[in-house]
Amino acid sequence: GLLTNDGVHEGVIDVGDLDTYTFIANAGDHIELRMTDLDGDSGFCNNLQLFGPSDGTRLAYNTNYTTACIAYTAQETGTYTIITSESGSDNSATYNIYYARVVPGINEHGTIESSGLPFEIIDQGDIDTYTFSGAIGEIMEIQVSDTSIDGTLTPCIALYSPGGTQVSYDCNYNAAYIIYTVTEDGNFTLVVTDSSGSGYGEYILSYYNDAYLVDCCDYDFDDDGDIDGADLPLFIEYYDTLHKYDIKGMKNIAASLGKTNCDALE
């Protein structure tokens, strides 16, 4: 079938079977593909292949027992084909296909405003995308941190310019962090994945743009309509070790609560 951008598609591979999917891309588009086995202990080895639009040349492939991953930048405009199968052709499994194409302003989770702290979840093989608006000279700070207790997520983030070029990247066991000075106006795209494609867990996304004045972050934890000292213990309880997850956000709320030393919040 036709893959939907930022979508997930479930399929079944029987012994000796293969499935085909297509998607349309323009030259220069960055493509992320994941094939992940949902059965876990079946002995199934994911086999993912990507073929070009003009002469059917195989452009990329990957095999993996948990999640097969392909990252590719389209060299021509047209309809691309992927084939999913089992590398040994002797096992069957239910699987998911995750597909994301970096198109400025088109994404899974919408536009994120500066100082926002959304919580999301990466499933095995999942790909999350976001949009940020930037102007020349502004400084973006983006951090994605693993907040799950029993997950296996190792966050990776890649930032793409309005023209679709990757301009920054980071991958880290606890938190991936990017600081970037904007060189062109427009909508930037952030792609969030696990480093191997097989990890999973909850994460928090912190985004700050220095062109956006943050006097305090709007964390009204006791829902009384204002931010004051009564919010501080709730802040500490809710985020626990937030200094690991969102350092700049902690500094801003510390200032709004009359605290000047962020160590006081640890």
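Predicted model only: the values in this text are computed from it and were never measured.

Trainee: Any chance you could break down the side chain of Ser145 for me, citing the residues and the numbers?
Mentor: Of note, Ser145 is situated in strand E11 (residues 139–146). A distance of 3.2 Å separates the side chain of Ser145 from the side chain of Gln143, its partner in a polar contact.

Trainee: Please give an account of the sheet that holds strand E8 (residues 93–101) that cites residues and values.
Mentor: Pairing is antiparallel in the open sheet, where 4 strands are placed in the order E1-E8-E3-E6. The open sheet has two free edges, formed respectively by strand E1 (7–13) and strand E6 (67–73), since each of these has just one partner strand. In this sheet, neighbouring strand axes are inclined to one another by 15° on average, regardless of whether the strands run parallel or antiparallel. Bridge count between strand E3 (residues 30–37) and E6: 7 bridges; the pairing is antiparallel. What sits directly across from His30, in E6, is Thr73.

Trainee: So, the state of the cysteines: which residues are in play, and what are the values?
Mentor: Scanning the entire structure with this criterion turns up 1 disulfide. With its sulfur 1.9 Å from that of its partner, Cys156 forms a disulfide with Cys171. Of this pair, Cys156 sits in strand E12 (residues 155–160) while Cys171 is found in strand E13 (residues 166–171), placing the two residues 15 residues apart along the sequence.

Trainee: Mind laying out the confidence of the model for the protein chain, listing which residues take part and the relevant values?
Mentor: For the protein chain, per-residue confidence averages 80 on the pLDDT scale, and 74% of positions sit at 70 or higher. Confidence, expressed as mean pLDDT per element, reaches its minimum in the protein chain at helix H2 (residues 242–245) with 47 and its maximum at strand E4 (residues 46–51) with 96. Between residues 212–218, whose pLDDT stays under 50, and residues either more than four places distant or in other chains, the model counts 14 contacts. Within the model, pLDDT remains below 50 along residues 260–266, and this stretch shows 9 contacts once partners closer than five positions in the same chain are excluded.

Rules used in this analysis
- Residues numbered from 1 in each chain as written.
- Predicted model: local features only at pLDDT ≥ 70, side-chain atom pairs only at ≥ 80, totals over all residues.
- Heavy atoms only, no water.
- Helix = DSSP H or I, 4+ residues; strand = E, 2+ residues; numbered from the N terminus.
- Polar contact = N/O pair within 3.5 Å; in protein donor to acceptor, adjacent residues only side chain to side chain.
- Pairing = 2+ DSSP bridges.
- Axes fitted to C-alpha atoms, helices over the stretch in contact; angles between N-to-C directions.
- Disulfide = S-S within 2.5 Å.
- pLDDT = per-residue confidence, 0-100.
- Contact = heavy atoms within 4.5 Å.

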